Amino acid sequence: MTKIWTNSGDSHFLEPDDLWHTRLPKRLAELCPRSEKDPDGEYETVFVDGQIFRRKLPSSALVTFAEMSTRPQGTRDAKARLGDLDKEGVWGEVIFPSLGMWSSTFRTPELLKACMRASNEWAIEEIASVSPRYVVTAQVSTLVIDDAVEELQWAADNGFKAVFLPTRPHPSAPDWHRNDWEPLWAAAEEAGMVLAFHIGTDPVDATASNSVSGGLGSVYRGPGGAIMNYTETTFSGQRAAMKLVASGALDRHPNLKVLISEGGATWVPFLGDRLLEGYRQHHMAVRPKLSRDPKEILYSQVYASFQHDESAVQAFEHMGYRNVMFGSDYPHMEGTFGHTQDTLKTLFDGVSEETRLRITQGAFFELFPDVPPVPAESN
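Residues numbered from 1 in each chain as written. Predicted model: local features only at pLDDT ≥ 70, side-chain atom pairs only at ≥ 80, totals over all residues. Heavy atoms only, no water.

Asks: Pulling in residues and values, what's your account of the packing of helix 11 (residues 267-281) against helix 12 (residues 294-301)?
Replies: Where helix 11 meets helix 12, the closest approach of the two axes is 7 Å, and the angle between their N-to-C directions is 150°. Taken as axis vectors, helix 11 and helix 12 run roughly antiparallel relative to one another. Only P294, K295, L298 and Y299 of helix 12 make contact with helix 11, whose side of the interface consists of V268, P269, L271, G272, D273, L275, L276 and Y279. Residues belonging to the contact of helix 11 with helix 12 are distributed by class as follows: nine nonpolar, one polar and two charged. (Axes fitted to C-alpha atoms, helices over the stretch in contact; angles between N-to-C directions. Helix = DSSP H or I, 4+ residues; strand = E, 2+ residues; numbered from the N terminus. Parallel < 35°, antiparallel > 145°, perpendicular 65-115°, else oblique. Contact = heavy atoms within 4.5 Å. Nonpolar A, V, L, I, M, F, W, Y, C, P; charged D, E, K, R; others polar.)

Asks: Could you give an account of the packing of helix 9 (residues 225-246) against helix 11, naming the residues involved and the relevant values?
Replies: Remark: helix 9 packs on helix 11, axes separated minimally by 11 Å, with the N-to-C direction vectors making an angle of 40°. In terms of their interaxial angle, helix 9 and helix 11 are classed as oblique. As helix 9 packs across helix 11, the resulting crossing turns out to be right-handed. Along the contact surface, helix 9 presents G237, Q238, A241, M242 and V245, while helix 11 presents W267, L271 and L275. Considered class by class, the residues forming the contact of helix 9 with helix 11 number six nonpolar, two polar and no charged. (Left-handed = near helix turned anticlockwise from the far one by under 90°.)

Asks: Pulling in residues and values, what's your account of the packing of aromatic side chains?
Replies: Taken as a whole, this structure holds 13 aromatic pairs when the rule is applied. Chaining the aromatic ring pairs together yields one cluster made of W176, W181, W185 and F197. One residue, R34, lies across the ring of F47, its end atom 4.2 Å from the ring centre. Across from the ring centre of W154, 4.2 Å away, lies the NZ or CZ of R117, which sits over that ring. (Phe/Tyr/Trp six-rings, centres within 6.5 Å; stacked < 30°, edge-to-face > 60°. Lys NZ or Arg CZ within 6 Å of the ring centre and 35° of its normal.)

Asks: Could you give an account of the sheet that holds strand 2 (residues 34-37), with specific residues and numbers?
Replies: Pairing is antiparallel across the open sheet formed by three strands, whose spatial order is 2-3-4. Each end of this open sheet is capped by a strand with a single partner; those strands are strand 2 and strand 4 (51-56). Averaged over all pairs of adjacent strands, the angle between their axes in this sheet comes to 20°, without regard to strand direction. Direction of pairing for strand 2 relative to strand 3 (residues 43-48): antiparallel, over a ladder of four bridges. (Pairing = 2+ DSSP bridges.)

Asks: An account of the pairing of strand 3 is requested, with residue identities and associated values reported.
Replies: With five of six residues buried, strand 3 lies mostly within the body of the structure. Two successive antiparallel strands, strand 2 and strand 3, enclose a turn made up of five residues, where G41 displays a positive phi of approximately 75°. Linkage of strand 3 to strand 4, two consecutive antiparallel strands, is achieved through a turn of two residues, within which D49 is found at a positive phi near 50°. (Buried < 20%, exposed > 50% of the residue type's maximum accessible area, 1.4 Å probe, protein only.)

Fair warning: the whole summary comes from geometry, so function is off the table for now.
In structure tokens, the structure reads:
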């Protein structure tokens, strides 16, 4: 069968483990994340900015995140990565960090600011310079708003088109629906930067995670825990979108675009209905008043990427939500690497060409028009 070419609204790159340690002054480098495995290999202790996290490692029957992520060479090598993408039928892709997923756990503003600049400079040198097919997400501090604005503007001046934000900022900072973040939204809109939220990036509570019984990233224990913990990560992206819509941030900045990656897409129509009902039924208590209804704002300014969800295609075809975007989640185990073509052919079996092209290419190019188009011979 003919190869189906797609763009990806979600993928990851594994930076060198010592990136921050080698690029920061020693006094700051000592606070950067590092991990130590227990002698028996059952638990791991992670040290981050004076905090200590404990987590149980997967059993020997499973692969750890690091082991899984190093398998495809393109995970660490941006040139080799192009071969992986061509084989899978993936053209352009949004690339999220790996080390940067720790950013919302930092407590020292100077440290976080320095780490974000080091990561952004490295990303320009090692990823963005390799191919215009790569949309690398810039990283900014979520501890100090002025630092975030300064880094976003620097990133825009240096060619970044998207900024990675955790689904909730650091606990010491205002939440996303607070007006304190207005300067960041204004700066992003002016620079044409897409706000790229990745699910599962709410800050980790060091106090709650320090016990062996809980563990880093663990919300539920006991029967069904693995499924529930995985499912739980998707809700954080929905909450981020809800906050930006309900608070009026997107209404005030109609040209600002948001991408929620890896969390599916069918939630958008549901959330739109709930926001609209809440606004209509409780209008007397709603602050601020919006110039457009919240469902319209959500549908027009928020994009959502998915990898396997069959219902995501139906969200476009039957629920009126156009900003559905495929994401391969390369190279994670939840992603489609190794079977992308099988996945795409299953998703789009019997589906119109208009639907397929919108989900695989159109929505992506709408956000990132500077990425070169898929060559005609590949379409």
